[in-house]
Amino acid sequence: NISCLIVPKEGIFSTRNTVADRIFVEDKLYDISDRRGRRAMERPILFSILSTGMYGEAYLNQLGSMNGNRMRQTEEETAILNLARRMDIYNIRLDRAYPLFDHRSSIGDSDFETSLVSHKNQMIAISRGETEKIIEHCSYYYKDGRMMLLTKELKNNIMIAYRKLIRQTYAVVAVASKSYP
């Protein structure tokens, strides 16, 4: 299952505040200010947060034990968390609905940030990384709340949108998930 969170590249170079402002989901590019696309955008934003592993009681306890020292977040993670706060998705309910079992960074033998969470008696692996690498591993996507086959045509459409955004100086981050019964 693939969704793309889009972070403008120029923010990385021009300011310390990178902002996520567009989301490609269900074969459409949404501006986050577009209220009509809110329902379609919620799942990719939620899964983006989960992919960071930066939520829940264990994370907050870790923050509290740092005695004023800031935990390191990448610009990408900061943009994801800020977007989720703006859309009221980053909140205490995440830990109850999606308990985090494990999180692995992309350092080492993995190309992806990956979190393993539980939700409604299922385990879900959620990965975030480079669009080209993520899409290679995907066979399905969500549309209107249902899982659909990710066709070659749709993969091409995603890659066309990805390349267009790259040319416009955006950094494009893909989020994928796999559920296990």
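Procedures and definitions
Residues numbered from 1 in each chain as written. Predicted model: local features only at pLDDT ≥ 70, side-chain atom pairs only at ≥ 80, totals over all residues. Heavy atoms only, no water. Helix = DSSP H or I, 4+ residues; strand = E, 2+ residues; numbered from the N terminus. Buried < 20%, exposed > 50% of the residue type's maximum accessible area, 1.4 Å probe, protein only. Contact = heavy atoms within 4.5 Å. Areas by Shrake-Rupley, 256 points an atom, 1.4 Å probe, with all protein chains shown as cover. Lys, Arg positive; Asp, Glu negative; His and termini not counted. Salt bridge = Lys/Arg side-chain N within 4 Å of Asp/Glu carboxyl O. Polar contact = N/O pair within 3.5 Å; in protein donor to acceptor, adjacent residues only side chain to side chain. Phe/Tyr/Trp six-rings, centres within 6.5 Å; stacked < 30°, edge-to-face > 60°. Lys NZ or Arg CZ within 6 Å of the ring centre and 35° of its normal. Pairing = 2+ DSSP bridges. Expected span 1.5 Å × (residues − 1).

What follows covers the overall build of the protein chain. A tally of regular secondary structure across the protein chain gives 7 helices and 9 strands. The buried share among the 181 residues of the protein chain stands at 43%. Summarising the internal contacts of the protein chain: among those between residues at least 6 apart in sequence, 57% fall at separations of at least 24. If you sum the accessible surface of the protein chain, you get close to 10,800 Å²; carbon and sulfur atoms cover 49% of it.

With respect to the helices and strands, the residue Phe112 is situated in the loop between strand 4 (100-104) and strand 5 (113-119). Considered as a pair, Phe112 and Ile134 are 22 residues apart in the sequence and their alpha carbons are 8.1 Å apart. Each residue touching Phe112, except ones within four places of it in the same chain, is listed here: Arg104, Ser105, Ser106, Ser127, Arg128, Gly129, Lys133, Ile134 and His137.

In this structure, Glu113 sits in strand 5. Here Glu113 is buried and forms no salt bridge, its nearest opposite-charge partner Arg128 lying at an N-O distance of 4.3 Å. Within the structure, Glu113 has its side chain in polar contact with the side chain of His103 (distance 2.8 Å). Apart from residues no more than four positions distant in its own chain, Glu113 is found in contact with Ser51, Glu77, His103, Arg104, Ser105, Ser106, Ile126, Ser127 and Arg128.

With the rule as written, the count across this model stands at 1 aromatic pair. For the pair Phe47 and Tyr98, a centre-to-centre distance of 6.4 Å together with 75° between the ring planes defines the contact as edge-to-face. Of the two residues, Phe47 sits in helix 2 (residues 38-52) while Tyr98 sits in the loop between helix 5 (93-97) and strand 4, which places them 51 residues apart along the sequence. Lying across the ring of Phe47, Arg43 places its NZ or CZ 4.2 Å from the centre. Stacked on the ring of Tyr142, the Lys or Arg Arg43 has its end atom at 3.5 Å from the ring centre.

So, about the pairing of strand 9 (residues 170-180). In terms of residue burial, strand 9 counts as a mostly covered element, since 8 of its 11 residues are buried. Of the strand pairs in this sheet, strand 6 (residues 122-130) and strand 9 are connected by 8 bridges, and their pairing is antiparallel. Looking at the pairing, Glu130 lines up with Val173 of strand 9.

As a further point, take the pairing of strand 7 (residues 140-143). Judged from the 4 bridges that link them, strand 7 and strand 8 (residues 146-149) form a sheet pairing that is antiparallel. Looking at the pairing, Tyr140 lines up with Leu149 of strand 8.

The subject of this paragraph is helix 4 (residues 75-86). Here helix 4 spans 16 Å end to end across 12 residues, near enough to the 16 Å set by a 1.5 Å rise per residue. Buried residues of helix 4: Glu77, Ala79, Ile80, Leu81, Leu83 and Ala84, and no others. Trailing helix 4 by a residue or two, Asp88 shows a phi angle of about 55°, which is positive.

What follows concerns the pattern of salt bridges. For the coordinates displayed, the defined rule picks out 8 salt bridges. In this structure, Glu77 engages Arg128 in a salt bridge whose closest nitrogen and oxygen atoms are separated by 3.7 Å. In this pair, Glu77 is assigned in helix 4 and Arg128 in strand 6, connecting sequence segments 51 residues apart. We classify Glu77 as buried; its relative accessible area is 6%. For Arg128, a relative accessible area of 3% corresponds to the buried category. Residues Asp102 and Arg104 are paired through a salt bridge, measuring 3.0 Å at the closest nitrogen-oxygen approach. Owing to a relative accessible area of 30%, Asp102 belongs among the partly exposed residues under this scheme. The network of salt bridges with shared partners includes Asp21, Arg22 and Asp31.

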